[in-house]
Amino acid sequence: QVQLVESGGGLVQAGDSLRLSCAASGRTFSNYVMGWFRQAPGKEREFVAGISWTGGRTYYADSVKGRFTISRDNAKNTVNLQMNSLKPEDTAVYYCAADRNHRVVVATASHEYDYWGQGTQVTVSS
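Just so we're clear, the structure is a prediction, and the values are computed from it rather than from any experiment.

Q: How would you summarise the pattern of salt bridges if you had to cite specific residues and measurements?
A: For the coordinates displayed, the defined rule picks out five salt bridges. A salt bridge links R67 to D90, with the shortest nitrogen-to-oxygen separation between them at 2.8 Å. Here R67 is found in the loop between β6 (58-60) and β7 (68-73), whereas its partner D90 is found in the loop between β8 (78-83) and β9 (92-99), with 23 residues between them in sequence. Here D90 falls in the buried class, since its relative accessible area comes to 0%.

Given below as structure tokens:
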């Protein structure tokens, strides 16, 4: 069992940066692919970024590529999402998720992930 707790959300202006963090409990955190998803009001939850168990492989949605960076520190049981050049369309609740069935392949479908955090709100004003 893995418990995930996100932090770092907030209200910023377009062009600003935010850094989201996800703290994980459980000894097996380092074995899992980790991902960030987001859900805007009235929209489906969508994949944002994912990272393999060693951090050697990352994958991003086209909408955030070049602006967002995912990283992990297995010694600290944390995964981070650095978000730069934020846009109003980035406004959403951001969720951290763990995929216990994969170590290298980064899945983009939410049903592939087994554990979820409670989410943190990111609001970008224009």
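Next comes the rest of the write-up.
Q: With reference to specific residues and values, describe the pairing of β8.
A: Buried residues dominate β8, accounting for five of its six residues. Both strand β3 (residues 18-25) and β8 contribute to a ladder of six bridges, which runs antiparallel. The residue of β8 that forms the bridge with L20 is L81. With antiparallel pairing between neighbouring strands as the criterion, β7 and β8 make up a hairpin whose turn holds four residues, including N77 at a positive phi of roughly 55°.

Q: Any chance you could break down the state of the cysteines for me, citing the residues and the numbers?
A: Taken as a whole and judged by the stated rule, the model has one disulfide. For C22, the disulfide goes to C96, at an S-S distance of 2.1 Å. On the sign convention where negative is left-handed, the bridge of C22 and C96, at about -80° about the S-S bond, is left-handed. Linking C22 in strand β3 with C96 in strand β9, this pair joins segments that are 74 residues apart in sequence. On the accessibility criterion, C22 (0% relative accessible area) is buried. Classification of C96 by relative accessible area gives buried; the value is 0%.

About the criteria used
Residues numbered from 1 in each chain as written. Predicted model: local features only at pLDDT ≥ 70, side-chain atom pairs only at ≥ 80, totals over all residues. Heavy atoms only, no water. Salt bridge = Lys/Arg side-chain N within 4 Å of Asp/Glu carboxyl O. Helix = DSSP H or I, 4+ residues; strand = E, 2+ residues; numbered from the N terminus. Buried < 20%, exposed > 50% of the residue type's maximum accessible area, 1.4 Å probe, protein only. Pairing = 2+ DSSP bridges. Disulfide = S-S within 2.5 Å.

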